[in-house]
Amino acid sequence: MERMNGPGLQLRHLLVATEAGPRLVPEDSFSYKENLIGALLAIFGHLLISISLNLQKYGHIRLAGSKDHRVYFKTKTWWCGLFLLFLGELGVFSAYAFAPLSLIVPLGAVSVIASSIIGIIFIKEKWKLKEFLRRYILSFIGCGLAVVGTYLLITFGPNNHEIMTGENITKHLVCWQFLLYMVVEIILFCLLLYFYKERKANYIVVILLLVALLGSVSSITVKAVAGMIAVSIRGNLQLGYPIFYIMFICMVATATFQATFLTQASQLYDASQVASIGYILSTTIAITAGATFYLDFTGEGALHICMFALGCLIAFVGVFLITRNKRKSILFEPYISMDAMPGMQNLHDNGTAVQPDLKASFSYGALENNDAISEIYAPATLPIVLEQHGSKGAPIPPYRIMEHSKEE
């Protein structure tokens, strides 16, 4: 229902049944409550995901020296982490049914904040008091900025709460804004995939852009599926619409390929770089997709949009500062340096390194400066005797170099 309040000012109200009887309540209060419920579900889900991943990491650290690769499945810690991971993903999935897509996606910064704090407390990452200010002050500043950005996102988030019915989703699917967006996204995705596969452009931005483009479609489909399930639970069954199954299949497919590219990025680059750059790209493209498909910012004032954008920017800076100070893990890689072996030519003098220079890792035979090697480690030389033709009775050395003239 609507009523006029003042000249030209129109406020939307809903008829709500209370104990004292039906009364009109402004719709903005319901929008804010639904936004708050969705934000709390997303925050709770990301917290559980961070705890679960750190639990599983803790289990792997404890059993790092085990020869049985399946020993992790026999521990309570690993299964507890898996259960918390399922609950966290369920919480984030449910959040899409309450709040707009553009509000839920940036709240992934909560997972980065929680992981940075849990990594220090729970995993007991070692740090020295002298290095505290140099190593961790920017991380705590990043956590503060991410919290401020999250608060701005929740406060100034979009209030578009459309009922996710099959008819509404179908209308959005065929609107010209979304069709134009999908054409641009498909062209960009094909170009990036061509450079990545054919031209071997294994840059982190290229791989994470592929992840972000798939993630935007995944976010759209997740909200559609979650919203239709929520409407069905409330009594208006939506599972009979073909659009529900189309969205479900697209959700599973895009999430699978997204995980594949994300795994490849994690194998090539440091996890902190993947986390920060991936969060920024995925959030930006997903918000664009939500604004195009679900029209999240329709009817919003310029001040709300600017404050929401400011919250996203502050959250981006916070996540960047948190991941910027992550200690890079150096794996234990035992090897024998080829240039320190007897009888092998020193290739470092020519600028060609046989093995990587890992100064912080323990390795067998890895010598940083080969010029300081004592004589007992000098390369062994073999006697070379030139065979003279025509000489008889000369002993035959074990190693000879035969010299022949051109005529022979």
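Residues numbered from 1 in each chain as written. Predicted model: local features only at pLDDT ≥ 70, side-chain atom pairs only at ≥ 80, totals over all residues. Heavy atoms only, no water.

## Quick notes on the overall build of the protein chain
In terms of helices and strands, the protein chain carries 11 helices and five strands. Out of the 408 residues in the protein chain, the part that is buried amounts to 36%. Sequence separation of at least 24 residues holds for 72% of the intrachain contacts in the protein chain that already meet a minimum separation of 6. Element-wise, carbon and sulfur atoms account for 66% of the exposed surface of the protein chain, whose accessible area totals about 25500 Å². (Helix = DSSP H or I, 4+ residues; strand = E, 2+ residues; numbered from the N terminus. Buried < 20%, exposed > 50% of the residue type's maximum accessible area, 1.4 Å probe, protein only. Contact = heavy atoms within 4.5 Å. Areas by Shrake-Rupley, 256 points an atom, 1.4 Å probe, with all protein chains shown as cover.)

## Quick look at the nonpolar core
Proteins that are soluble and globular tend to have nonpolar side chains buried together. In terms of nonpolar packing, the biggest core is built from 65 residues, with Tyr-96, Ile-169 and Phe-261 touching the most fellow members. Per-element tally for this core: the top contributor is helix α8 (residues 204-233), with 16 residues. Setting aside its immediate chain neighbours within four residues, Ile-169 contacts Met-164, Ala-224, Met-228, Ile-243, Met-247 and Phe-293. (Core = buried A, V, L, I, M, F, W, Y, C linked by side-chain atoms within 4.5 Å.)

## What to know about the packing of aromatic side chains
This model, assessed by the stated rule, comprises nine aromatic pairs. Ring-pair connections join several aromatic residues into one group, and the members of that group are Phe-178, Tyr-181, Phe-293 and Tyr-294. (Phe/Tyr/Trp six-rings, centres within 6.5 Å; stacked < 30°, edge-to-face > 60°.)

## Quick look at a nonpolar patch on the surface
Nonpolar side chains collect at one region of the surface, where Val-183, Ile-187, Leu-191, Tyr-194 and Phe-195 lie side by side and expose about 460 Å² of accessible area between them. Here Leu-191 is to be found in helix α7 (residues 176-197). Judged by relative accessible area, Leu-191 falls into the partly exposed class, the value being 46%. (Patch = residues over 30% accessible without salt bridge, like charges linked within 9 Å, V, L, I, M, F, W, Y side chains within 5 Å. Salt bridge = Lys/Arg side-chain N within 4 Å of Asp/Glu carboxyl O.)

## Brief notes about the side chain of Thr-165
Within the secondary structure, Thr-165 is located in the loop between α5 (132-155) and α6 (166-173). Setting aside residues no more than four positions away along its own chain, Thr-165 makes contact with Val-231, Asn-236 and Gln-238.

## Re the side chain of Lys-223
Within the fold, Lys-223 resides in helix α8. Buried Lys-223, no salt bridge; nearest opposite-charge side chain is Asp-296, N-O distance 6.3 Å. A polar side-chain atom of Lys-223 sits 2.9 Å from the main-chain carbonyl oxygen of Tyr-96. Sequence-distant contacts of Lys-223, defined by excluding residues within four places in its chain, comprise Tyr-96, Ala-99, Pro-100, Leu-101, Met-164 and Tyr-294. (Lys, Arg positive; Asp, Glu negative; His and termini not counted. Polar contact = N/O pair within 3.5 Å; in protein donor to acceptor, adjacent residues only side chain to side chain.)

## Regarding α6
Within α6, the full set of buried residues consists of Gly-166, Asn-168, Ile-169 and His-172. When α6 is viewed along its axis, its buried side chains cluster within an angular range of 165 degrees and face the same direction. Among the structural elements, α7, α8, α9 (242-268) and α10 (271-293) are those in contact with the buried residues of α6. (Arc of directions from axis to C-beta.)

## Examining α8
Here α8 is 30 residues long and its end C-alpha atoms lie 42 Å apart, about the 44 Å a rise of 1.5 Å per residue gives. Of all the 30 residues making up α8, 26 are buried; the element is thus mostly covered by neighbouring parts of the structure. Gly-235 sits one or two residues past α8 and shows a positive phi near 125 degrees. (Expected span 1.5 Å × (residues − 1).)

## Digging into unusual backbone geometry
In this structure, Lys-200 takes a positive phi of about 55 degrees despite not being glycine. Looking at the secondary structure, you find Lys-200 in the loop between α7 and α8. Judged by its relative accessible area of 60%, Lys-200 falls in the exposed class. Non-glycine residue Leu-295 carries a positive phi angle of around 55 degrees. Overall, Leu-295 belongs to the partly exposed group, its relative accessible area being 33%.

## Description of the environment of Asn-159
Along the chain, Asn-159 falls in the loop between α5 and α6. Since its relative accessible area comes to 29%, Asn-159 is described here as partly exposed. Along the sequence, Asn-159 and Glu-300 sit 141 residues apart, while their C-alpha atoms lie 7.8 Å from each other. Setting aside residues no more than four positions away along its own chain, Asn-159 makes contact with Ser-31, Asn-35 and Glu-300.

## Here's the deal with the confidence of the model for the protein chain
Residues with a pLDDT of 70 or more make up 67% of the protein chain, whose mean pLDDT is 75. Overall, residues 1-27 carries pLDDT values under 50, and its contacts beyond four positions in sequence, including any with other chains, amount to 38 contacts. Long-range and interchain partners of residues 329-382, a stretch whose pLDDT sits below 50, account for 45 contacts in this model, where long-range means more than four residues apart. (pLDDT = per-residue confidence, 0-100.)

## Comments concerning the environment of Pro-242
Along the polypeptide, Pro-242 turns up in helix α9. Residue Pro-242 is classed as exposed on the basis of its relative accessible area of 57%. Here the alpha-carbon distance between Pro-242 and Gly-166, two residues 76 residues apart in the chain, equals 8.3 Å.

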